[in-house]
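Results of the structural survey
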2 protein chains.
Amino acid sequence: ADVAYLRSVLPSTTEDAFFDYLATLDASEVTVSAMPEGSVVFARVPFLQVKGPLLVVQLLETTLLCLVNYASLVATNAARFRFLAGPDVKLMEIGLRRAQGPDGALSASKYSYIGGFDCTSNILAGKLYGIPVRGTVAHSFIMSFTSLEEVQPRELPPLAGGEPVDLPALAESWLQRVCELLQTPPEKANRGELAAFVSYAVTFPRDFQGLLDTYCVRRSGLPNFCAVALALHQLGYRAIGVRLDSGDLAQQSKEIRRVLRACGAHFQVPWFETIPIAVSNDISEQSLEEFSQEGSEIDIIGVGTHLVTCPLQPSLGCVYKV
Amino acid sequence: ADVAYLRSVLPSTTEDAFFDYLATLDASEVTVSAMPEGSVVFARVPFLQVKGPLLVVQLLETTLLCLVNYASLVATNAARFRFLAGPDVKLMEIGLRRAQGPDGALSASKYSYIGGFDCTSNILAGKLYGIPVRGTVAHSFIMSFTSLEEVQPRELPPLAGGEPVDLPALAESWLQRVCELLQTPPEKANRGELAAFVSYAVTFPRDFQGLLDTYCVRRSGLPNFCAVALALHQLGYRAIGVRLDSGDLAQQSKEIRRVLRACGAHFQVPWFETIPIAVSNDISEQSLEEFSQEGSEIDIIGVGTHLVTCPLQPSLGCVYKV
């Protein structure tokens, strides 16, 4: 079918023998020598050498450039993010919605991982390439709840076993204590958000995480998270993290860390102060520099648009010389 | 297999019923209303509306954003190029080697065409989407010849029929006359380049085009092209164009047009002065503005990197609101 298509677009004077030749064409006489994928290469050093019949290696030019240009670009970009973030921060690739379609996004996930990222939100990339996958909670999930009445199921047994406990009620009682400690009015803590957190926690008690910025981080997201995490703690479970998706991420991370420390100290839950803080929202290299300058308390960073579209240099101009 | 993979990455407490539910999940209860593809939409106007069960429409969020964001971005970018180029210039998409892999390149070709481009160099995009395809000659093809001895076959019959003519010899005699007219030394016209042009012309006499900038446009590429095109003309054929891939494209296009006019007038070949001039080489919106300011004689423009990676704004931030 490909040859039939070519016949339809090439000049009618093209000889049949040429199409017969194309139909039998293969790369069996071509040898490719390349730097191992993931190697650091310097400018002006050939990283791929192709030997074979002239016509075949000419046909390979565009294909090979397509396969290496973006891959090298995004791996380099990922390495720059890793360099700025330092070795201890976890970097998560979340670029699917801004990539050049599904396949572009898969390349972005694969080569971000090679460039030093820790995980991806692209589940198919995880499945195809063995990259660790990580997810989070959507604002739409939080907003789909309005009150604790909607939580279903409600009961959670303690980790060590025993009688199941009504988690919404337990979280509600913790919310009073947390708000008292933080001196925030409990009525400002959004009930739908609390319901969403409790619903998440009752389903994934060992993997509870809170997205804090759907309503107000300080008066709602953070007290609600602490209440649910302390309720879980009472049953023997540990929350795994919080996430911010808007606002001044570095400043908020410091305030969140202060609150987590205060709760940990006051309620005698030492692990509380080390709960990982994850951020996202149009993160660029400049964002990472600012986080570092402001002494942020951020542990996990999700990078999407600025990773997969490489705005500082959106294309890499590798060339193929015959 | 997808469900088995999800089971391997989700918490072990996840209920079996959830995976059973996922296995039966489909979008049969989802309705999508969208603006027709290729429509002009204004900012803040919803262009896609999705209705259906909450969980299903939440799962569709990232997929839909991935499919519409880049498509809208590149179609808009293509329309900006079309606006700057005006209605008469042919615009050719040549971004495959800088796109995000093969699939990103296919999206780029499709949505550049929707945005107002005329054709693509991506043959698969032509086959899949019915986009007109156009190609050109590679510098490596020109450089693979060193002398007229290598041209094979050498004979071409006139279009109207009759005795085949030795095209290398005919082109060589025309080269003398052209060089005399242009007052350039014939020995500066590269023999390998002449051989490549003749070889192309003998194979595709109705579709001959010349890539002029492998050696020196003024002293080699242009005299060689005119010689072969005039030889073809003597046999009843018309060359279809020239292409430039380096240097000051607008200035060179004006010099080329002057030479084509001079040859057309001197050798009484009126169509010669309208031979289309195609250019490529990192063309941006700014390039098009400069072409227009300098009154260029360019007829066809190939745009690659700046079209498919949209450096002025490398991503479009469409959002999905529940």
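Calculation criteria
Residues numbered from 1 in each chain as written. Chains lettered and ligands numbered in written order. Predicted model: local features only at pLDDT ≥ 70, side-chain atom pairs only at ≥ 80, totals over all residues. Heavy atoms only, no water. Pairing = 2+ DSSP bridges. Helix = DSSP H or I, 4+ residues; strand = E, 2+ residues; numbered from the N terminus. Phe/Tyr/Trp six-rings, centres within 6.5 Å; stacked < 30°, edge-to-face > 60°. Lys NZ or Arg CZ within 6 Å of the ring centre and 35° of its normal. Buried < 20%, exposed > 50% of the residue type's maximum accessible area, 1.4 Å probe, protein only. Arc of directions from axis to C-beta. Contact = heavy atoms within 4.5 Å. Axes fitted to C-alpha atoms, helices over the stretch in contact; angles between N-to-C directions. Parallel < 35°, antiparallel > 145°, perpendicular 65-115°, else oblique. Left-handed = near helix turned anticlockwise from the far one by under 90°. Nonpolar A, V, L, I, M, F, W, Y, C, P; charged D, E, K, R; others polar. UniProt positions renumbered as here; feature names shortened; annotations may be inferred. Domains from an automatic or database assignment. Right-handed = clockwise from strand over helix to strand, strands pointing away. Least-squares fit on C-alpha atoms with pLDDT ≥ 70 in both. Buried area = accessible area lost by both parts, 1.4 Å probe. Salt bridge = Lys/Arg side-chain N within 4 Å of Asp/Glu carboxyl O. Polar contact = N/O pair within 3.5 Å; in protein donor to acceptor, adjacent residues only side chain to side chain. 1 Å grid on protein atoms, 1.4 Å probe; cavity = no way out; pocket = protein on both sides within 12 Å on 5 of 7 lines; lining within 4 Å. Points joined across faces, edges and corners; volume = space filled by probe spheres on them.

Thoughts on the sheet that holds strand β4 (residues 119–120) of chain B
Residues and elements named next belong to chain B. Ordered by their spatial adjacency, 6 strands build an open sheet running β4-β3-β10-β9-β8-β7, and the pairing between neighbours is parallel. Of all the strands in the sheet, the pair left with one neighbour each is β4 and β7 (209–211). In this structure, strand β9 (residues 277–279) lies alongside strand β10 (residues 300–303), joined through 2 bridges in parallel fashion. The partner of Ala278 across the bridge, within β10, is Ile300.

Things to note about the packing of aromatic side chains
By the definition in use, this model includes 19 aromatic pairs over all chains. Among the aromatic residues, ring-to-ring pairing joins B:Phe141, B:Phe145, B:Phe197, B:Tyr200, B:Phe204, B:Phe208 and B:Phe225 into one connected group. If you follow A:Lys110 out to its NZ or CZ, it ends over the ring of A:Tyr129, 5.1 Å from the centre.

Description of helix α11 (residues 285–293) of chain B
Residue and element names in this part refer to chain B. If you check which residues of α11 are buried, you get Glu285, Ser287, Leu288 and Phe291. The arc enclosing the buried residues of α11, seen along the axis, measures out at 155 degrees, which places them on a common side. The exposed set on the far side of α11, more than 90 degrees from its buried face, consists of Gln286 and Gln293. Of the surrounding elements, those touching the buried residues of α11 are α3 (54–85), α10 (249–266), β9 and β10. Gly295, located one to two residues past α11, shows a positive phi value of around 60 degrees.

Considerations on the packing of helix α8 (residues 191–203) of chain B against helix α9 (residues 217–234) of chain B
Residue and element names in this part refer to chain B. At a minimum axis distance of 9 Å, the contact between α8 and α9 shows a crossing angle of 30 degrees. Here α9 runs roughly parallel to α8, going by the angle between their axes. Classified by chirality, the crossing of α9 by α8 is right-handed. Of the residues in α9, those in contact with Glu193, Leu194, Phe197, Val198 and Ala201 of α8 are Ser220, Gly221, Asn224, Phe225, Val228 and Leu232. Among the residues forming the contact of α8 with α9, the class breakdown is 7 nonpolar, 3 polar and 1 charged.

Let's talk about the UniProt feature "domain: Nicotinate phosphoribosyltransferase N-terminal" (unreviewed entry) in chain A
The UniProt entry lists residues 2–69 of chain A under the feature "domain: Nicotinate phosphoribosyltransferase N-terminal" (unreviewed entry), expressed in the numbering used here. Between the C-alpha atoms that bound residues 2–69 of chain A the distance is 26 Å, and the span itself is 49% helix and 12% strand.

Brief notes about the domain arrangement of chain A
Taken domain by domain, chain A comprises domain 1 (2–129) and domain 2 (139–279). Placing the centre of domain 1 of chain A and that of domain 2 of chain A at their C-alpha centroids yields a distance of 44 Å.

Details of the pairing of strand β3 (residues 90–93) of chain A
Residue and element names in this part refer to chain A. Where β3 lies against strand β10 (residues 300–303), 4 bridges are found, and the strand directions are parallel. From the neighbouring strand, Lys90 faces β10, where its bridge partner is Ile300. Both β3 and strand β4 (residues 119–120) contribute to a ladder of 2 bridges, which runs parallel. Counterpart to Glu93 in the pairing with β4 is Thr120. Since β3 and β4 lie parallel, the crossover through helix α4 (residues 101–114) that links them has a hand, and here it is right-handed.

Some remarks on the relation of the copies chain B and chain A
Once turned by 180 degrees and shifted 0.0 Å along the axis, chain B lies on chain A with an RMSD of 0.0 Å. Such a combination of rotation and displacement between the chain copies is what one expects of a two-fold axis. An overlap of 100% is found between the interface residues of chain B and their copies at the interface of chain A, pointing to a shared contact surface.

What to know about the interface of chain B and chain A
Facing 49 residues of chain B, the contacting portion of chain A comprises 50 residues. Contact with chain A buries area across many residues of chain B, yet B:Tyr5, B:Arg97 and B:Gln100 alone supply 19% of it, more than any other trio. For the pair chain B and chain A, the interface holds 4 salt bridges. Residue A:Glu61 pairs with B:Arg97 through a salt bridge whose shortest N-O separation is 3.3 Å. Run the count over chain B and chain A and you get 20 residue pairs in polar contact (both at pLDDT 80 or more). Breaking the side of chain B that touches chain A down by element, the ones donating at least two residues are α1 (2–9), α3, α4 (101–114), α5 (123–129), α6 (139–143) and α12 (305–308) of chain B. Looking at the side of chain B that touches chain A, the element that brings in the most residues is α3(B), giving 9 residues.

Here's the deal with empty space enclosed by the protein
In the structure shown here, the tally under the stated rule is 1 cavity of 30 Å³ or more. Counted as a void, the largest cavity has a volume near 100 Å³. Lining the largest cavity are 15 residues; nearest its centre among them are A:Gln100, A:Thr309, A:Pro314, B:Gln100 and B:Thr309. Those elements that place two or more of their residues in the lining of the largest cavity are α3 (54–85) of chain A together with α3 of chain B.

Re the environment of A:Leu288
All names here are of chain A. Relative to the helices and strands, Leu288 is located in helix α11 (residues 285–293). Spatially, the C-alpha atoms of Leu288 and Glu273 are 22 Å apart, while their sequence positions differ by 15 residues. Apart from residues no more than four positions distant in its own chain, Leu288 is found in contact with Phe81, Leu84, Ala85, Ile283 and Ile301.

Quick word on the pattern of salt bridges
Applying the stated criterion across every chain, the model contains 26 salt bridges over all chains. Of the charged contacts in the structure, one is a salt bridge between A:Arg82 and A:Asp118, with a shortest N-O distance of 2.6 Å. Of this pair, A:Arg82 sits in helix α3 while A:Asp118 sits in the loop between α4 and β4, and the two are 36 residues apart along the sequence. For A:Asp118, a relative accessible area of 25% puts it in the partly exposed group. In this structure, the salt-bridge partner of B:Arg7 is B:Asp16, at a minimum N-O distance of 2.8 Å. Residue class for B:Arg7 comes out partly exposed when judged on its relative accessible area of 39%.

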